[in-house]
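Here is what each chain is made of, one letter per residue.
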Amino acid sequence: KSSQSPRDASDMAAPPKPNCPNFSSGPCAKRPGFSPATAYAGTPFGRSHRAAIGIGKIRESMELTREILKIPKDYLVAMVPASDTGAVEMMMWQLLGPRGVTVAHWESFGSGWMQDAEKQLKLPKLRNLKGAFGELPDLKSIDFKDDLIFTFNGTTSGVRVPDLDWIPDDREGLTICDATSAAFAMDIDWKKIDVLTYSWQKCLGGEGAHGMLVISPRAVQRLESFKTDRPMPKIFRLTNGKGKLDKAIFNGSVINTPSMVCFEDYIDALKWAKSCGGLAGLITRSMRNFNVVKKFVDAKPWMEFLAKDPATISNTSVCLVIKDLTKAEVKTMTDLLDRNAVAYDIGSYREAPAGLRIWCGPTVETKDVEALMVWIEYAHDKIKAGAVKKMKIIVTDGLAAAALKTLAQAGHEVVKKKLTKEELAAGGLAEYDAIIIRSATKISAAVLKATTAVPGSKLRLVARAGVGVDNVDLKAASAVGVMVVNSPLSATNSVVELALAHLLSQARMIPRADRSLREGKWLKADLTGHELAGKNLGFIGFGRIGQGLGRVAKALGMNVHVYDPFLPQHVVDAFGATRHDTVEDVFRACTHITVHAFLSDKTKHMVNEQMISLMPGVAPDGTKCGNHIVNCGRGGIIDEVGAAAALKTGKLTSLALDVFEKEPCGASPLFESQNFQGSPHVGASTIEAQNRVGAEIAMAVLAALDGAPPPGNLVNKDVHPKFAPPKAKM
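Residues numbered from 1 in each chain as written. Predicted model: local features only at pLDDT ≥ 70, side-chain atom pairs only at ≥ 80, totals over all residues. Heavy atoms only, no water.

Asks: Describe the layout of surface pockets, listing the residues and the values that go with them.
Replies: Of the volumes computed, that of the largest pocket is approximately 1300 Å³. Considering the residues around the largest pocket, the lining is formed by 50 residues, among which Val-467, Gly-468, His-596, Ala-597 and Phe-598 are closest to the centre. For the lining of the largest pocket, a count of residues per class yields 25 nonpolar, 16 polar and nine charged. (1 Å grid on protein atoms, 1.4 Å probe; cavity = no way out; pocket = protein on both sides within 12 Å on 5 of 7 lines; lining within 4 Å. Points joined across faces, edges and corners; volume = space filled by probe spheres on them. Nonpolar A, V, L, I, M, F, W, Y, C, P; charged D, E, K, R; others polar.)

Asks: Now, about empty space enclosed by the protein: what can you tell me, with residues and values included?
Replies: Counting across every chain of the model gives two cavities of 30 Å³ or more. The computed volume of the largest cavity comes to approximately 40 Å³. Considering the residues around the largest cavity, the lining is formed by Thr-156, Leu-306, Cys-319, Leu-320, Val-321, Ser-348, Tyr-349, Ala-352, Pro-353, Leu-356 and Arg-357. It is strand β11 (residues 317-322) that contributes the most residues to the lining of the largest cavity, three residues altogether. By residue class, the composition of the lining of the largest cavity is eight nonpolar, two polar and one charged. The computed volume of the second largest cavity comes to approximately 40 Å³. Across the lining of the second largest cavity, the residue classes break down as seven nonpolar, two polar and one charged. (Helix = DSSP H or I, 4+ residues; strand = E, 2+ residues; numbered from the N terminus.)

Asks: Tell me about the sheet that holds strand β22 (residues 628-631), residues and numbers included.
Replies: Taken in spatial order, the seven strands make up an open sheet running β20-β19-β18-β21-β22-β23-β24, and their pairing is parallel. Looking at the sheet topology across the chains shown, the edges are occupied by β20 (578-579) and β24 (676-678). The pairing of strand β21 (residues 592-595) with β22 spans four bridges and is parallel. Across the sheet, residue Thr-594 finds its bridge partner in β22, namely Val-630. (Pairing = 2+ DSSP bridges.)

Asks: A description of the environment of Phe-575 should follow, citing residues and the corresponding values.
Replies: Within the secondary structure layout, Phe-575 lies in helix α17 (residues 569-575). For Phe-575, a relative accessible area of 8% gives the class buried. Separated by 28 residues in the primary sequence, Phe-575 and Gln-547 place their C-alpha atoms 8.6 Å from one another. The contacts of Phe-575, once residues within four sequence positions are left out, are Phe-542, Gln-547, Gly-550, Arg-551 and Lys-554. (Buried < 20%, exposed > 50% of the residue type's maximum accessible area, 1.4 Å probe, protein only. Contact = heavy atoms within 4.5 Å.)

Shown next as structure tokens:
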């Protein structure tokens, strides 16, 4: 191995990420190109597994299994309950007893079979043949007059049997092989196996809870000849009342009700496996992935395989030891990879030595393994250089408790504190690495200048928990190397629902009806509203929230009109919407307007009394419904004084605002009109949105502090981040 040393912390730019970060050793990555809509298209939803179509699906999956795994014709194949665990235990309970038993194990699940044999079955003649993590026991010492239980591949240790040559063809005992992370990725010499089990969720990336069982004629003979007095649950029974094999289980019937969706998923995976060239193709894919890891390990003196013997290294569950990191530092590494959506679930198994466990099965793409290994080196070098360290984060405007917990669990100091305008202007943010805000805190150019002027200023990130960032001077932030991230996805549905609520409330005059009832009045004749169906709804801005509301509006029968100069035409076409070149054209065409634009010098007071005067007041169907405007976007786009005047003259029939030019808004001429309805900027104020906003912004903050802000969250994409290398690209 070369004697490379960690790179300097100042020379680390985050590398490209894997397209798929799913490297879990179970459940494992779905096959490349997987789509539920395609994979499950033939699922017999709502049909019995006993119906001809259900039995046909089960038989199809068994036939494909037999074909791909090259199972001998006289071996039987069945699906059984409770995943691989259930398959192993049902055979232990029914087969073990007439002979001595050896349990050969070298990792966690094999140890579980030993405990079953010793403590549950209480077998009288039992040998515990145990190997340390990373090593096989002495397999040549096994007495094959006894029955044998072993794992083909140790999922939690990364140690496999190199072959099955150590099992004699003329053995007297049975061999029970747990091959859950070997089947479909390793060659199996069937004449050495009497019972083989596996689960769908490993090498084929299938779903859990269903186990697979393959048994030889010798195993069938034992099932029918061995009579045990131990209790036998129904889900374990493979024989009928006469003690004979229940052959129906191996011909399309099942012991208990299965998921037909999971069967369809398994069939889809099997067909993909066949398209790869069958077992040989799957093994090639897995070995190609493994060789990427091996090449990396061979070049890095600080990493080695947990398996001591090269011939026993697993090509699926690849277990690694990082020699120069502590257990806590390895945890820091896996957390960093997880929160940056680089690799999920690759920490070593809880009972194994601290390290990594990377799934390299056939459903994983080689280019993703290559990208992962680059990231592992990047993370390792950052940790060794001390570049992954505790940060100080201030939260000024409130954040969900779960988000605060996420930040703290990542090892950062989180301070909940409101800062006054005077404190911000005096450089009060300089002691913090990041600030998380909502709409109340303003990060102006002056605040940023004052902060960065403080000697040793640490501020590198402003995080807006929400969508709008007009309370942050983006140009000034970029100029001083401060990243700005937001959470554009989390509040979408909540804002859509509030805007819809205002539209419906306007159409049916609900606030006025409520007030009049409280005043003891019954104004039924004065409260004739209108339907939204058939009306033109104009969108000023048609981003995520606008499109979400557009879908609802179309469902209600409204006609969608759009002004958004940045929107691709195919989006407009997909909605069947009418596109307008100017804001004025939208107002001329629509009796209902909803605002979803950002506030800028160009959009400030864009909706004024003159613009409102263009609205038609009459819908395309001839209904004299009046003119109605909703703004759940940004305050200041609507000229509130001009809108109040339009309400007073009757040109504007109703106005609904969730956002105001000045917040809190205080007294307003709008309040003089009974046709104004407002809410105090509560668009994202739902339990669900707050939890989603918190989760999204917390992960964006962690990733940004790691040096790799998610592209979908980074707002000022032209920024050269503070404390980043000169050529870093975000």
